[in-house]
Amino acid sequence: MIDDWEIGNFAFVTNSPIRLTRLLLKFLVSSYYSIPNINSEFIRLSVMSGHKEFINEYIATSDPTVQKACNDKLIGLIQENQLTLLGFIQALQIYITSTNDDIRVLTFKLLSEVLSNLQPSKLFPKDIEVLMAFLFSKLTDKPVTKYVMSSLYSLTRMKYYNVEKTDDVLENLTKNYNPKEHPQLIRATTLKIFNHLVVS
């Protein structure tokens, strides 16, 4: 069955809910159109299904161009307050707990890329504290350590990072991270974290 959807002066004809979601998201993030007649709950649900679609597509593909496009869309949703950090993490949960190393690596790669591209003022102290606690618990998961470290580095550079938590960061790194077990690239990121915390 083909459904007709009308938004303001624009009409869509589609038989695909996913296609409809993509069309709606394109309008929602655009500054060129106004959509006064869409129910706010419908918009919220469309965004929710949209961000999960972007995550699923990122994990499912090996094409870096597609991954970047999904990454950019997720960052845009968070920056525009259409997706919360909590909602993003919750959507990742099914992949975070996967027993497949490759899937977990892609999941933490996505998290790292999103965090590194957020505006420094986007996350507040509580957001940073909760996410750091989660990342500390993943330091012993060796396949994803590279991206856990880069995520921690991004969090320490956030505007509202609480410097009073620096001792906790250093303690967790000292306790759960052994540089001898990791290649130079990961050790270099860890050194960047230490240097940044000491300077700040």
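Analysis parameters
Residues numbered from 1 in each chain as written. Predicted model: local features only at pLDDT ≥ 70, side-chain atom pairs only at ≥ 80, totals over all residues. Heavy atoms only, no water. Core = buried A, V, L, I, M, F, W, Y, C linked by side-chain atoms within 4.5 Å. Buried < 20%, exposed > 50% of the residue type's maximum accessible area, 1.4 Å probe, protein only. Helix = DSSP H or I, 4+ residues; strand = E, 2+ residues; numbered from the N terminus. Contact = heavy atoms within 4.5 Å. Polar contact = N/O pair within 3.5 Å; in protein donor to acceptor, adjacent residues only side chain to side chain. Salt bridge = Lys/Arg side-chain N within 4 Å of Asp/Glu carboxyl O.

Undergrad: Can you help me understand the nonpolar core in this one?
TA: Here is a general trend for soluble globular proteins: nonpolar side chains tend to be buried in one another's company. If you look at the biggest cluster of nonpolar residues, it comprises 47 residues, and the most contacted ones within it are Ile-55, Phe-88, Phe-108, Leu-111, Leu-135 and Leu-152. Of all the secondary-structure elements, those providing two or more residues to this core are helix 2 (40-60), helix 3 (64-79), helix 4 (85-96), helix 5 (101-117), helix 6 (125-136), helix 7 (145-156), helix 8 (166-176) and helix 9 (184-199). The dominant element in this core, judged by the number of residues it contributes, is helix 4, at 7 residues. Not counting residues within four places of it along the chain, the set of residues in contact with Leu-152 comprises Met-132, Leu-135, Phe-136, Leu-139, Leu-173 and Ile-193.

Undergrad: It is not clear to me how unusual backbone geometry should be interpreted in this structure. Could you clarify?
TA: Across residues other than glycine, the phi torsion is negative in most instances, and most of the peptide bonds are trans. Located in the positive-phi region is Asn-81, a residue other than glycine, with phi close to 60°. By the secondary structure assignment, Asn-81 is in the loop between helix 3 and helix 4. Its relative accessible area of 62% is what places Asn-81 among the exposed residues.

Undergrad: Can you help me understand the side chain of Arg-104 in this one?
TA: By the element assignment, Arg-104 lies in helix 5. Among the polar contacts listed, one links the side chain of Arg-104 to the side chain of Asp-141, at a separation of 2.9 Å. Residues in contact with Arg-104, not counting those within four places in the same chain, are Tyr-95, Ile-96, Ser-98, Thr-99, Asp-141, Pro-143 and Val-144.

Undergrad: Help me out: how do you make sense of the pattern of salt bridges in this one?
TA: A pair can form between side chains of opposite charge whenever their charged atoms are brought close. Counted by the stated rule, this structure contains 6 salt bridges. Linking Lys-165 and Glu-129 is a salt bridge whose minimum nitrogen-to-oxygen distance equals 3.6 Å. Of this pair, Lys-165 sits in the loop between helix 7 and helix 8 while Glu-129 sits in helix 6, and the two are 36 residues apart along the sequence. Note on Lys-165: relative accessible area 27%, which makes it partly exposed. Here the salt bridges do not stand alone but share partners, grouping Asp-101, Arg-104 and Asp-141 into one network.

Undergrad: What's the story with the side chain of Ser-150 in this structure? I'm lost.
TA: Summarising the element assignment, Ser-150 is placed in helix 7. Of the residues examined, Ser-150 reaches a relative accessible area of 18% and is grouped as buried. Beyond its immediate stretch of four places on either side in the chain, Ser-150 contacts Ser-112 and Thr-189.

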